[in-house]
Amino acid sequence: MALSDQDYFDVLRHLQRELRMVEPDLYEKLSRSLEVQQRPRDILIRYLEAIERLVGHQSSGPHGRILDSLNSVVRTEGGGPILGIRVVLTEGEVALYEREVVDLATLPDRTNFIEALQVLRREIAAEEDEPEGEPA
Amino acid sequence: MTVEEAKNRISDAFRRLLPASDSNSQDILPKTLTAGKLYEAYVLSLVAEKLSTVEGYELRLVNSNYLTLKSAPGPINRSFPRIELRRNGGCQAEVWTDVEFLSLSCSLRTRTMKPQRCDYHELDILIVNAGLSGRPRHDQIMLGVECKNTAYDKGLLKQILGIRREMSLLQDSKVTFFRRWPRQQVPADPSSCLLVYSTDPGVMQFADPGETFGIDFIYEPLEP
């Protein structure tokens with residue numbers, strides 16, 4: 001049975017509360033771009049999409065695919081494959097965080113979390129709108 | 001699906017599937033330092049694939065066995081890893097990441113002053129003449145690429161239009177450095193190419209000015 005507009009807002013608020021608890025920065029970022037003039041179901045769907053996208057970019061999930069793609073066309077000076085993808089920190093960051101590089105393969109793998117949200121989002125998107133004026 | 005079911009599935013995803021922070025030193029690194037870097041690497045892999053398969057270059061990573069990005073942009077440092085574009089046994093150009101270039105407006109003013117902060121801008125990926133160090137001039141750029149893994153808005157459009165302005169003058173179409181990809185001609189002098197890759201499908205709403213000024217907008221999501 002399709003949810004009402006108020007139901008979708010209820011789910012969205014719950015989603016926002018969960019997000020704010022574990023990822024407060026991401027919560028603030030997404031809140032700034034929330035387009036509340038849309039239909040509640042569409043707001044919820046777009047919010048889920050945005051979480052999937054932004055969490056996905058902090059996940060090591062795609063790392064292997066990206067490395068494989070690079071290694072299909074790039075070789076090192078020694079003729080071998082690229083071994084990984086790193087981010088080099090500035091001098092000040094090195095002094096503060098006591099490390100020189102961040103290996104993107106060591107980011108947490110959030111693939112299962114993202115897929116769970118994707119499945120939920122697709123089910124919500126597939127639900128028919130409840131006809132107006134008819135009992136639920 | 002009921003409201004309670006949806007809420008329970010959300011709570012379950014956050015509490016069971018989102019990995020809790022571990023206790024090593026990496027935890028205190030702000031996420032802003034690595035945010036977007038995976039997407040930058042992904043776009044670089046797409047660019048590399050085009051340069052190899054369409055343009056026919058041999059791509060060689062030098063100075064490291066790791067693809068290395070920077071947490072903050074800066075001048076070219078030749079001890080840093082780069083990708084050489086090689087053809088017929090020689091290096092034709094170099095691919096650098098997170099590099100600042102000297103603006104067109106800087107080149108038009110007196111050359112006696114040391115460049116100030118307003119005189120250079122950064123791009124996520126740059127293809128420039130081989131052998132450069134420091135900040136390349138605007139006329140030493142063949143291709144600039146901006147990677148955006150956030151919602152694309154009008155502010156970002158204005159930003160990239162400014163970058164285009166500081167790379168080249170608007171001109172009748174001129175031949176680029178490239179045979180086919182990303183384009184053979186561009187309405188710009190110097191004839192550098194400028195690409196914007198975005199994970200937001202909304203980026204294409206802002207693409208029309210790019211046709212006038214020679215900026216190519218590409219919607220390219222990164223699948224988890």
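Computed from a predicted structure; not experimentally measured.

Caption draft 1: Looking closely at the pairing of strand β6 (residues 141–148) of chain B. Residues and elements named next belong to chain B. The element β6 is extensively covered by neighbouring structure, given that eight of its eight residues are classed as buried. Where strand β5 (residues 120–128) lies against β6, four bridges are found, and the strand directions are antiparallel. Residue pairing across strands places isoleucine 127 opposite leucine 143, the latter belonging to β6. Two elements, β6 and strand β9 (residues 193–198), share six bridges in a ladder whose sense is parallel. Residue pairing for β9: cysteine 147 is matched across the bridge by tyrosine 197.

Caption draft 2: Focus on the nonpolar core. Membership of the largest hydrophobic core comes to 45 residues, with the highest contact counts inside it found for A:Ile85, B:Leu51, B:Ile127, B:Leu143 and B:Val145. The element contributing the most residues to this core is helix α2 (residues 37–53) of chain B, with nine residues. B:Ile127 has contacts with B:Leu51, B:Leu85, B:Ala93, B:Glu94, B:Val95, B:Gln140, B:Ile141, B:Met142, B:Leu143 and B:Phe178, leaving out every residue within four places of it along the chain. Grouped together as the second largest cluster of nonpolar side chains are 31 residues, A:Leu12, A:Leu44, A:Ile45 and B:Ala13 included.

Caption draft 3: Expanded view of the pattern of salt bridges. Residues and elements named next belong to chain B. Considering all chains together, one arrives at 20 salt bridges over all chains under this definition. The residue glutamate 40 makes a salt bridge to lysine 37 at a minimum N-O spacing of 3.1 Å. With a gap of three residues between them, glutamate 40 and lysine 37 both fall in helix α2, about one helical turn apart. On the basis of relative accessibility, which here comes to 3%, the residue glutamate 40 falls in the buried class. With relative accessibility at 8%, the residue lysine 37 sits in the buried group. A salt bridge links glutamate 84 to arginine 86; the shortest N-O distance between them is 2.8 Å. Residues glutamate 84 and arginine 86 agree in their burial class; the two are buried. Here the residues in one salt-bridge network are Arg78, Arg82, Glu84, Arg86 and Glu94, joined through shared partners.

Caption draft 4: Representation of the packing of aromatic side chains in the model. Residues and elements named next belong to chain B. Taken as a whole and judged by the stated rule, the model has six aromatic pairs over all chains. Centre to centre, the rings of tyrosine 57 and phenylalanine 177 are 6.4 Å apart; their planes meet at 5 degrees, and the pair counts as stacked. In this pair, tyrosine 57 is assigned in the loop between α2 and β1 (58–62) and phenylalanine 177 in the loop between β7 (169–175) and β8 (185–189), connecting sequence segments 120 residues apart. For phenylalanine 177, a relative accessible area of 32% corresponds to the partly exposed category. Residues tyrosine 152 and phenylalanine 217 carry aromatic rings whose centres are separated by 6.2 Å and whose planes lie at 85 degrees to one another, so their mutual orientation is edge-to-face. Pair noted here: tyrosine 152 is in the loop between β6 and α4 (154–165) and phenylalanine 217 is in strand β10 (residues 215–219), with a separation of 65 residues, a long-range link. Taking the relative accessible area as the measure of exposure, tyrosine 152 reaches 6% and is therefore buried. Aromatic ring contacts, followed pair by pair, group Tyr57, Phe177 and Phe178 into a single cluster.

Rules of the game
Within each chain, residue numbers correspond to sequence positions counted from 1 in written order. As they are written, the chains are lettered A onward and the ligands numbered 1 onward, keeping that order. pLDDT decides what is reported in this predicted model: residues at 70 or higher carry local features, side-chain atom pairs at 80 or more are listed and counted, and totals for whole chains, interfaces and linings draw on all residues regardless. Just so you know, side-chain values use all the structure's heavy atoms and leave hydrogens and water out. Note on exposure labels: buried denotes an accessible area under 20% of the residue type's maximum, exposed denotes more than 50%, and partly exposed covers the range between, all computed with a 1.4 Å probe on protein chains only. Strands here are runs of E lasting at least two residues and helices are runs of H or I lasting at least four, both read from the DSSP assignment and numbered beginning at the N terminus. Pairing between strands requires that DSSP locate at least two bridges from one strand to the other. Buried residues of nine kinds, namely Ala, Val, Leu, Ile, Met, Phe, Trp, Tyr and Cys, make up a nonpolar core once their side-chain atoms join them within 4.5 Å. Should any heavy atoms of two residues lie within 4.5 Å, those residues are counted as being in contact. The term salt bridge refers to a pairing of a side-chain nitrogen on Lys or Arg with a carboxyl oxygen on Asp or Glu at a separation within 4 Å. Here a Phe, Tyr or Trp ring, Trp counted by its six-membered ring, pairs with any other such ring whose centre lies within 6.5 Å, and the pair is stacked when the planes are under 30 degrees apart, edge-to-face when over 60, and tilted otherwise.

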